[in-house]
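The residues making up each chain are set out below.
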Amino acid sequence: MSYKDTLINGVEGIFKPDGLTPMQKLALRFVVMGILFYGLTTIEGMIMRVFQVQPIAGMDAGHYFAILTAHPLVGIFGSSYLIVFGAFLFLVPFLMEKPLYSIKLGNWSFLLITIGTITFWGSTFISHYSPLYTLYWPLPADFTQFGAIGGAVFILGIALVMVGTLCFVFNIFKTIAYIPEGQTREASGRAMLASATGFSWAESVFRKKSKRREHLVPSLPVAAIARGTVDTFLNAGILTFTGVLILVYMVAEIFGMSLKDTAVDALLYKNWYWWGLDLIADGLVLIFVAGTWYLLATLITGKKLYMMRVARLALWVELVVSWTVWSHHLMSDQAQPGWLKVISGEMVTAFELITQGLAFFIVLITLWSARPLKMTSPLKFLLGGLLGFALAVPAGIIQADLGINRILHNTQWIIGPHVHVAILVGLVMTLYSAIYYLFPLLTNGAKFYSEKLVTFHFWAHIIGGVGMGAFMGMAGMKGMLRRTIYYEGEYNLYMILAAICGTLMLLAFVAFLYNIIMSVGVKGVIGIFTPAKLDTKDLLPAAKE
Amino acid sequence: MIDSAVVLNGQTMAYTIYAVVILLLMLAFGYMITKEGKAGVLKTSLFSTLVVVLTVLGVSLHLATNMTIPWVSMDLNRHNITPTVVFDISVENHEFTLPEEQMVIAVGDTVVFDVFSHDLTYGFGIFRQDGSMVTQMQVVPGHRNDLMWQFLNAGIYTIRSTEYSGPKGHQMIMKDALEVVE
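Everything numeric in this text was worked out from a predicted model, so none of it was measured.

What counts and how
- Each chain has its residues counted from 1, running along the sequence as written.
- Ligands are numbered from 1 and chains lettered from A, in the order in which they are written.
- A pLDDT threshold of at least 70 governs which residues receive local features in this predicted model, and a stricter bar of 80 or more applies before side-chain atom pairs are shown or counted, although totals over entire chains, interfaces and linings include all residues.
- Where each domain starts and ends follows an automatic or database-derived domain assignment.
- DSSP calls a pair of strands paired once it identifies at least 2 bridges connecting them.
- Runs of E in the DSSP output that reach at least two residues are strands. Runs of H or I that reach at least four are helices, and both are numbered from the N terminus.
- Orientation is described by axes fitted as lines to C-alpha atoms, over the contacting stretch for helices, and by angles from 0 to 180 degrees between their N-to-C directions.
- Exposure classification rests on a simple neighbour count of other C-beta atoms within 10 Å of a residue's own: a residue reaching 20 or more is buried, one at 12 or fewer is exposed, and one in between is partly exposed. C-beta atoms are placed from the backbone.
- By definition, residues are in contact whenever their C-beta atoms, placed on the basis of the backbone, come within 7 Å of each other.
- Residues were grouped as follows: Ala, Val, Leu, Ile, Met, Phe, Trp, Tyr, Cys and Pro as nonpolar; Asp, Glu, Lys and Arg as charged; and all remaining residues, including Gly, as polar.

Remarks on the domain arrangement of chain B
- In terms of domain boundaries, chain B breaks down into domain 1 (4-68) and domain 2 (83-181).
- Distance from the C-alpha centre of domain 1 of chain B to the C-alpha centre of domain 2 of chain B: 37 Å.

Some points on the sheet that holds strand β5 (residues 122-127) of chain B
Residues and elements named next belong to chain B.
- Read across the open sheet, the 5 strands follow the order β3-β9-β8-β5-β6; overall the sheet is mixed. The open sheet is flanked by β3 (103-106) and β6 (133-139), the only strands paired with a single partner. Here the average twist between neighbouring strands, direction ignored, is 25 degrees.
- Strand direction decides the pairing type here: β3 and strand β9 (residues 173-181), joined by 4 bridges, are parallel. Bridge assignment links Ala106 to a residue of β9, and that residue is Val181.

Quick word on unusual backbone geometry
All names here are of chain A.
- For the bond from Trp137 to Pro138, the omega torsion is 5 degrees, close enough to zero to count as cis.
- Inspection of the secondary structure puts Pro138 in the loop between α4 (103-127) and α5 (148-177).
- Pro372 follows Arg371 through a cis peptide bond whose omega is 5 degrees.
- At Leu135, a position not held by glycine, the phi torsion is positive, near 50 degrees.
- Inspection of the secondary structure assignment puts Leu135 in the loop between α4 and α5.
- Owing to 21 C-beta atoms within 10 Å, Leu135 belongs among the buried residues under this scheme.
- Of note, the phi angle at Asn444 is positive, near 55 degrees, even though the residue is not glycine.
- Turning to its location among the elements, Asn444 is positioned in the loop between α14 (412-442) and α15 (451-477).

Focus: the interface of chain B and chain A
- With 64 residues of chain B at the interface, the matching set in chain A holds 67 residues.
- When grouped by side-chain class, the residues that make up the side of chain B that touches chain A number 32 nonpolar, 25 polar and 7 charged.

Points about the sheet that holds strand β1 (residues 85-92) of chain B
Residue and element names in this part refer to chain B.
- The strand order β2-β1-β4-β7 describes an open sheet built from 4 strands, whose pairing is mixed. Edge positions in the open sheet fall to β2 (95-97) and β7 (145-150), since each of these has one partner strand only. Neighbour to neighbour, the strand axes of the sheet diverge by 25 degrees on average, direction disregarded.
- Relative to strand β4 (residues 110-117), β1 runs parallel, the two being bridged by 7 bridges. Bridging from a neighbouring strand, Phe87 pairs with Phe113 of β4.

What follows is the structure, given as structure tokens:
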């Protein structure tokens, strides 16, 4: 095939969008859009990296902080949520051997999250609304710095994402609970949900061993998805509530009535907001990632997961821990009660070392039990994902310490070795592993255009990700703050090195995107977004006779 | 009391060593699983030991730092300690207002910075001349924000906000606002 033919039709013209089931199209739409938003996040990150080295002419502080506001939100909601939701809307029915409860609702989730992300990104781009993702009260309602209309559009965008998220939550829980036509089951939908989320296990743990119930949902990845979805639901609730509160102030301002911002206690607000926000970073991300590791380890090795009961228990512990760790974000708040800082901030947070450590070892031992393994793309990215969390979780435990937090809080250390390494190396490499594994399944056997590009993608991403985190961390140790601008090149050495690593990651992404486009062709990419020709609720097309 | 730079250096060394070790271990693991060899499953007893090690590590880390880093107990008990000096500082419209143009204290004084915000959430950080941070706290409006500290080294220190308070506040810096004398 000529280069032009491959670019238009993909490798050997294997990928045929018309042959995809509605479920395959749904999952691919989520993943493709998530990848594009990841690209946007990477470009935004690079603009900020360059700005940290040398402020860009024509770009003022307001614009910089608007990018800083959009960057993590596009990364989490536009990219990670879409990729994860798309994969799970396919995997839960796949693992439970029944159709998704509602493909239509799945498409609504996709549309709402995509439109919502474009909306809040657009509002920061145009109006420079920039309260950051932290939204510390009363900054989001500070109309001496921000316009109320731009802010209201921003909140509307986040609200759309949250509604799309709630559609996903409903679809996942309903898929676990419902009985498809033609099938029978003794257990009620409620019992299925209680089993998947682990609540029935928690209730029966005090019973005699002989009277304990069997797991109605034996699939561990489904249990992980269900438990992570509990946090997704709670998080959406808190963010929606907070958004409505901010919106009330904005609407009042638009109509010429300034409400007193002291009506809301800033510390109480910070507590409830971090309780909800932390359900992402210290809840659903860790639970979803552990579940994905378990699934990938069993798929790659073809073996049962080592210590499956312990893994299931660790997922439950992680869920409970995620509800009680928020105070590690308030360790430098002097009005926060000391006992909350010690118990929630330090002690409960330390359990994440245990739960993630267990997941880490269980996956490594499962892989080891199947040696020799071929170093496939999913396997190497899985190992990269494991490394990312092995580096980032201890970094988080260190900063969730009263002694260390006092001298590190809000420095580049927090955002480098902890946040960026956790997300870019830990989470993103795990997602890449899943994408590389699921690609042939979702595309009915399409082939990758270039294995060399996959190898480049791996090394450039992991070296860039770990390197960037390390240089940001070194700058943090020297006192460089996050969320600020240095105009006199105080930390230029570290920022230049971090920018080089960032460039490496950008190149890795370009290689990945190019490889995907060449694999399925431009026609294929467009075809993913056209209505499905096959009218079936099945996940995969029926095998040809 | 020890200088916060010493604690930071210790922490840097410990984490760097850990990071290098885990990187090498993962590289070795990635290499080894592609090779022929005994694919034994870890004994349950060894796995249980791993769980115990993780638990002990997680809990003991904070107990150890709480007992050895002096500003932790001082901070948790600060309302029962009588300070040598108290500086009342207010923040409004992205500006610090200090009680005097340059605050002067002596090495070893137990000093309290009592910062009150009249509008937004800010940060209050004290920095050395080389830009490294000595200590910091968040400044939440409507609440008392008091930071107790002892300085071990004489010198001139800069104050800057360590929390984002909107584009107007990103350069909230008061150079040479604090002098610590022998």
